[in-house]
Each structure stands twice: as structure tokens, then as C-alpha cells.
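Chain and residue survey
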Amino acid sequence: MLLIGIALGVVYLVWGSTYLGIGVMVEDMPPLVAAGTRFLAAGILLGAILSLRGGWRRLKVDRVQFWSSALLGLLLPVLGQGAVTAAESGGAPSGLTALLVAAVPLWVLLYRRLSGERPSRAAVAGAAVGFLGLAGLLASNGLTGDFPFWTIALVAFSSVSWAFGSWFQSRLRLPRDPFVTAVYQMLTGGALLTATGLLAGERIEPSTYAASSWIAWTYLVVFGSVVAFSAYVWLLHSAPVSLVATYAYVNPLVAVLLGWLILDEAVTVPIVAGGAAVLLAVAVVLRAERPRPPTTVPTQGDNSELTQKGPR
């Protein structure tokens, strides 16, 4: 239980702080290139660790597994985290960004419903409340926010993409080792983000970046993308999914608090009200989707689709 508590604390605090880290990183660094090189470095680092522990053959994949991982690299690091990084560079507050991203489990539930599954009524009701809260966050901050509306719209799009990748992941033929999937996901996503940034006119000028941006970038590489993700994968194999899923509504609270304390971000009534509705809805959905203990015949299945987030 001690190791589970430590790992859960790492996921809570580190993933909750990544929004602050992104905000500090893009103060000097161009967003797409910074996000891209972050994932490239994390992929190389994680690949090196895996090779040292299991030999380079551990990273061997076939063509289908590689392209499946690359597709996740597009949906998660590029359209998910890349969009978040661009939005924070454009002025989106880190706390509000985290609240919008917290809606990912609600979008996953919607994808499941559209694909023909029938989630419980409680889950559907919770999702409805959450989408109302999400609409309130978008509307109120779009009208009165001190930042461009496109930034929070981009964050909303990023959560839609991340949710689709999380839902679609189980339908792809991926490497059996989730860490190997993460390596190729980060390498392909990082390469695509870096190339897109350079084509868009961003430049790599290391000498012009402040020390704080470099510290934030390094923190995101080592702790956000390697340490916390490793802890998360270990938790999925060692703890109840319903317990691991609690990160979905703890991370935004950590992000809002850090944004308020360190970046002096405003915590307005609409943010509190809309954010509370989203987090309450996520809690209801995760509770409703929690697997029931078997009665007579053991059954397979869990709600991991609601919790798969991949590297941050």
C-alpha cells in the first residue's frame, strides 16, 4: 500500500503541475518546437532505460505496431499536448486549461455511446452535467476572459482528440509492452510537432531561452513524461482502476492551485462553478463505470478506456 500511495501521489502532483510547467516553458520557448523536442527527448530517454533493462530487442516492433503507435502519437502528443502547449502560449491560464482537459472521461463516454455501447444511466446523467459545466466554462471565459477565445477552444479540441485516442487505443494492434508503445508514440509525435513548428516559422535558439524555461522543459521531460507515466502504468497493474482514475479530478485542483499561487492566475466565480460541475461529473462517471465484483462467474473488463491518458 505504501508504494501505491507514493505512485499515486506522483501522478497527482506531477501531472497536476505539468500545466504550470508548460506555462513557464512557453514564456520563452516556441510552443510547437518546445513540445516536440520535449517528447523527442522523453522518448529517447525512456527507450534508453528500457534497452538497458531488457536489451535493445525489447524495442523491436513490426510495421503495424509501429504505425499504430504513430497514430496515437498524432492523436495524443500532437493534437492533445501540442494543442495545449500552443493554447497556453497564446494566453490560456494553466488552471482553466486543466479543468477543460478534465472532461476527457466524458468525451470517452460519448465515443463509447456513439459506437453502440450502452453506459449506465448514472454515467450518462453525469456526462450531461459535465458537458453543461464545460459549456459554461467556454461561454463565460469566451465573453469575459482576458485571453483570446481561440486558446480555450483549442484546449477543448485537444481534450476531444485525447479522448478519441484513449478510446481508440484498445482497437489498435500495439506492442504488448505499454512502455514500448509510449516510446514510439513520443518519438513520432515529437518529430511531427518539431517539424510542424519549424515549418510554421518557429526557430530553435537555445541561447535566448531563460533558465526558468529550461528548468520547466527539463521537468516536463523527466518527471512529466517519464517518471509520472511510469508510475501511472505501474498503478494500472497494481491498484484498482477506480482508485487510479481519481487523478482525473485531482490533477485540475492541483493545477488551479499552482496557477493561482505561482502565476497569479485569477480564480473567478465562473471558473469555480463550471470547474466544479465538470469535476463532479467526472467523479460520477468514474464511479458509475467502476467494474462490479463478480458474483458467480468471473468476468473480464474494466473502465481503463476512461483513464488512459498516455505521457503528459
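**Details of the confidence of the model for the protein chain**
Low-pLDDT stretches of the model should not have their predicted coordinates read in fine detail. The share of residues in the protein chain with pLDDT of 70 or more is 90%, and the mean pLDDT across the chain is 85. Counted against residues more than four places away or in other chains, residues 294–310, with its pLDDT under 50, gives 45 contacts.

**Things to note about the pattern of salt bridges**
Inspection of the entire model under this criterion finds four salt bridges. The partner of R171 in a salt bridge is E117, and the shortest N-O contact between them spans 3.7 Å. Taken together, the residues R171 in the loop between helix 7 (149–168) and helix 8 (178–199) and E117 in the loop between helix 5 (104–114) and helix 6 (121–144) connect sequence positions 54 residues apart. Each of R112, E117 and R171 takes part in one network of salt bridges that share partners.

**Observations regarding a nonpolar patch on the surface**
A cluster of nonpolar side chains, L257, W260, L261, I262, V267 and V272, forms an exposed patch at the surface whose accessible area comes to about 580 Å². Residue contributions to the nonpolar patch peak at four residues, all from helix 11 (residues 247–262). Inspection of the secondary structure assignment puts V272 in helix 12 (residues 269–288). Its relative accessible area of 47% is what places V272 among the partly exposed residues.

**Considerations on the packing of aromatic side chains**
This model, assessed by the stated rule, comprises 15 aromatic pairs. Seen in terms of ring centroids, F66 and W67 are 5.2 Å apart; in terms of plane orientation they differ by 80°. Their pairing is edge-to-face. The exposure class assigned to F66 is partly exposed, which follows from its relative accessible area of 28%. Members of the aromatic cluster, joined through ring pairs, are Y111, F164, W167 and F168. Lying across the ring of F39, R38 places its NZ or CZ 4.6 Å from the centre.

About the criteria used
- Residues numbered from 1 in each chain as written.
- Predicted model: local features only at pLDDT ≥ 70, side-chain atom pairs only at ≥ 80, totals over all residues.
- Heavy atoms only, no water.
- pLDDT = per-residue confidence, 0-100.
- Contact = heavy atoms within 4.5 Å.
- Salt bridge = Lys/Arg side-chain N within 4 Å of Asp/Glu carboxyl O.
- Helix = DSSP H or I, 4+ residues; strand = E, 2+ residues; numbered from the N terminus.
- Patch = residues over 30% accessible without salt bridge, like charges linked within 9 Å, V, L, I, M, F, W, Y side chains within 5 Å.
- Areas by Shrake-Rupley, 256 points an atom, 1.4 Å probe, with all protein chains shown as cover.
- Buried < 20%, exposed > 50% of the residue type's maximum accessible area, 1.4 Å probe, protein only.
- Phe/Tyr/Trp six-rings, centres within 6.5 Å; stacked < 30°, edge-to-face > 60°.
- Lys NZ or Arg CZ within 6 Å of the ring centre and 35° of its normal.

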